[in-house]
Amino acid sequence: MSIAETDRTSAPAVRRAAAPAGPPAIITDLYAALTERGMSLVDVTWEQQRLHESRRWSVVDMLEAVDLDSLTPLDRNLVWNAGRAELTTKPGADRLERQSEAEVRRWQDKNPTIASIMEACGTWSRYWNEEEAHHETVFNRLADLSGMEPISDETFIQFRQVFPDDDMLRTLVLLAISEITAAVNYGQCQHVIEDPGLRRIFKQVAADEIQHRNYFVSFAKALVDSGEYPAKDAFAVAHLFLREDGELQGSARTQLEQRGSHVNWWDQLEVGDNDFRPEALEKKEQLICGALKKITGIEVHSREEVEDTWMYLVGS
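A brief look at the structure comes next.

### Some points on the overall build of the protein
Along the protein, the regular secondary structure elements total 13 helices and zero strands. In the protein, the order of α-helices and β-strands from amino to carboxyl end is α-α-α-α-α-α-α-α-α-α-α-α-α. Buried residues in the protein amount to 50% of all 316 residues.

This is the structure we're talking about:
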């Protein structure tokens, strides 16, 4: 059936009005969009597609702009580490899709709005997966072209191990913080990279990670807004990262977990002779606090306040 043959009633006009107007953007108040503004999953998916298309970039074009002969030892080290870190992201997207599907089935009869939120999340995971594939391939192809130590098939498979499942709100907050970590790390790398083409790659990847963080924050906020997921779980994950010697310290921690499952390359960062670590811990801390406010509506400004708030929420 063509568009011209569809039923000309008021219903299509209502559906069109439900979708946001203007430039493509993340729906930051997803729960309200579904419950108050009447957006459907088709509307939400359209907005996801619009934003994804507006942000597409070419790995091939990016690589052609890099002068391989001009790369410094530090440039090469950053590329080598980034390629390995990005190998670990596909399992996260695969897990998110699977876990979202399980949540859809769990909530479909009890709370259809949450089921729709989780379906939107699982649907968006395909865009996350594609964009992370760009990151993985651009860094590893560049490492290969530059003659760096290759990634063995055994390492490739090892790095594809999937993070264990958890509560969905906790999962989304963990992913948001992981994207904050990656975005800040890549932003720090830009300041020391000399080749303009390589600097552009790190800038683009950092921008992608910020968009991913914003999506995770949006989905997490929608779950908290539903009233079915307590804010304390968001603070529990933030505390795990921000506490003394917590996950945010990465490879600088005095003791690293022996996970036996997934791989977190930021725990294993190899700094080489330059001893450069893209830490910027204070910036990461503030971005995590900002994400918590957006998700829960509770304002905090430091890791101490995160811990105090978490303990208060657990006891209340």
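### Here we look at the packing of aromatic side chains
All told, the structure shown has ten aromatic pairs when counted by the stated rule. Consider the rings of Trp107 and Tyr229, whose centres lie 6.0 Å apart with planes at 50°: the pair is tilted. Taken as a pair, Trp107 in helix 6 (residues 90-107) and Tyr229 in the loop between helix 10 (196-225) and helix 11 (231-242) lie far apart in primary sequence, 122 residues in all. For the pair formed by Trp107 and Tyr229, the shared burial category is buried. With a centroid separation of 4.9 Å and an interplanar angle of 50°, the aromatic rings of Phe139 and Phe202 are classed as tilted. One end of the pair, Phe139, is in helix 7 (residues 112-145); the other, Phe202, is in helix 10, and 63 residues separate them in sequence. No difference in accessibility class separates Phe139 from Phe202, as the two residues are buried. Following the ring pairs from residue to residue traces out a cluster consisting of Trp124, Trp128, Tyr215, Phe216 and Phe219.

### Details of helix 7
Between its first and last C-alpha, helix 7 extends 50 Å over 34 residues, near the 50 Å set by a 1.5 Å rise per residue. Positive backbone phi, at 75°, marks Gly147, one or two positions downstream of helix 7.

### A closer look at the environment of Phe219
Turning to its location among the elements, Phe219 is positioned in helix 10. Relative accessible area serves as the criterion here: at 2%, Phe219 is assigned to the buried category. When residues no more than four places from it in sequence are discounted, the contact partners of Phe219 are Leu30, Gln48, Ile117, Ala120, Cys121, Trp124 and Leu172.

### Here we look at the side chain of Glu132
With respect to the secondary-structure elements, Glu132 resides in helix 7. Within the local environment of Glu132, its side chain forms a polar contact with the side chain of His212, the two groups lying 3.2 Å apart. Among all residues touching Glu132, those that are not within four sequence positions of it are Glu86, Thr89, Glu179, Glu209 and His212.

### Thoughts on the pattern of salt bridges
A full pass over the atoms with the stated rule returns 15 salt bridges. In this structure, the salt-bridge partner of Glu101 is Arg105, at a minimum N-O distance of 2.7 Å. Of this pair, Glu101 and Arg105 both sit in helix 6, four residues apart, which is roughly one turn of the helix. Classification of Arg105 by relative accessible area gives partly exposed; the value is 48%. A salt bridge links Glu299 to Lys293; the nearest nitrogen and oxygen atoms lie 3.5 Å apart. When salt bridges with common partners are traced through the structure, they connect Arg95, Arg98 and Asp165 into a single cluster.

### Some points on the nonpolar core
Counting 56 residues, the largest nonpolar core has Leu30, Leu96, Met118, Leu172 and Leu223 as the members making the most contacts within it. Looking at this core element by element, the count peaks at ten residues for helix 9 (residues 168-190). Other than its neighbours up to four places away in sequence, Leu172 contacts Leu96, Met118, Cys121, Phe216, Phe219, Ala220 and Leu223. In this structure, Val59, Val66, Leu78 and Ile201 belong to the second largest nonpolar core, which totals 25 residues.

### Examining helix 9
Here helix 9 contains 23 residues, and its C-alpha end-to-end distance of 33 Å stays within 8% of the 33 Å for a straight helix at 1.5 Å per residue. Among the 23 residues of helix 9, 20 are classified as buried, and the element is accordingly described as predominantly covered. The opening residue of helix 9 is Asp167, an N-cap whose side-chain oxygen sits 3.0 Å from the backbone nitrogen of Leu169.

### Quick notes on the packing of helix 5 (residues 73-87) against helix 10
At a minimum axis separation of 12 Å, helix 5 and helix 10 run at an interaxial angle of 30°. By the angle between their axes, helix 5 is roughly parallel relative to helix 10. The two elements helix 5 and helix 10 meet at a crossing, and its hand is left-handed. On helix 10, the residues touching Asp75, Leu78, Val79, Ala82 and Glu86 of helix 5 are Leu198, Phe202, Val205 and Glu209.

### Regarding the packing of helix 5 against helix 7
Their axes nearest at 8 Å, the elements helix 5 and helix 7 cross at an angle of 145°. Our pair here, helix 5 against helix 7, has a crossing hand that is left-handed. Between helix 5 and helix 7, the contacting residues are Val79, Ala82, Gly83, Arg84, Glu86 and Leu87 on the first element and Glu132, His135, Glu136, Phe139, Asn140, Leu142 and Ala143 on the second. Tallied by class, the residues present in the contact of helix 5 with helix 7 amount to six nonpolar, three polar and four charged.

Each value, and the rule that gives it
Residues numbered from 1 in each chain as written. Predicted model: local features only at pLDDT ≥ 70, side-chain atom pairs only at ≥ 80, totals over all residues. Heavy atoms only, no water. Helix = DSSP H or I, 4+ residues; strand = E, 2+ residues; numbered from the N terminus. Buried < 20%, exposed > 50% of the residue type's maximum accessible area, 1.4 Å probe, protein only. Phe/Tyr/Trp six-rings, centres within 6.5 Å; stacked < 30°, edge-to-face > 60°. Expected span 1.5 Å × (residues − 1). Contact = heavy atoms within 4.5 Å. Polar contact = N/O pair within 3.5 Å; in protein donor to acceptor, adjacent residues only side chain to side chain. Salt bridge = Lys/Arg side-chain N within 4 Å of Asp/Glu carboxyl O. Core = buried A, V, L, I, M, F, W, Y, C linked by side-chain atoms within 4.5 Å. Axes fitted to C-alpha atoms, helices over the stretch in contact; angles between N-to-C directions. Parallel < 35°, antiparallel > 145°, perpendicular 65-115°, else oblique. Left-handed = near helix turned anticlockwise from the far one by under 90°. Nonpolar A, V, L, I, M, F, W, Y, C, P; charged D, E, K, R; others polar.

By themselves, these observations are geometric and do not establish any function.
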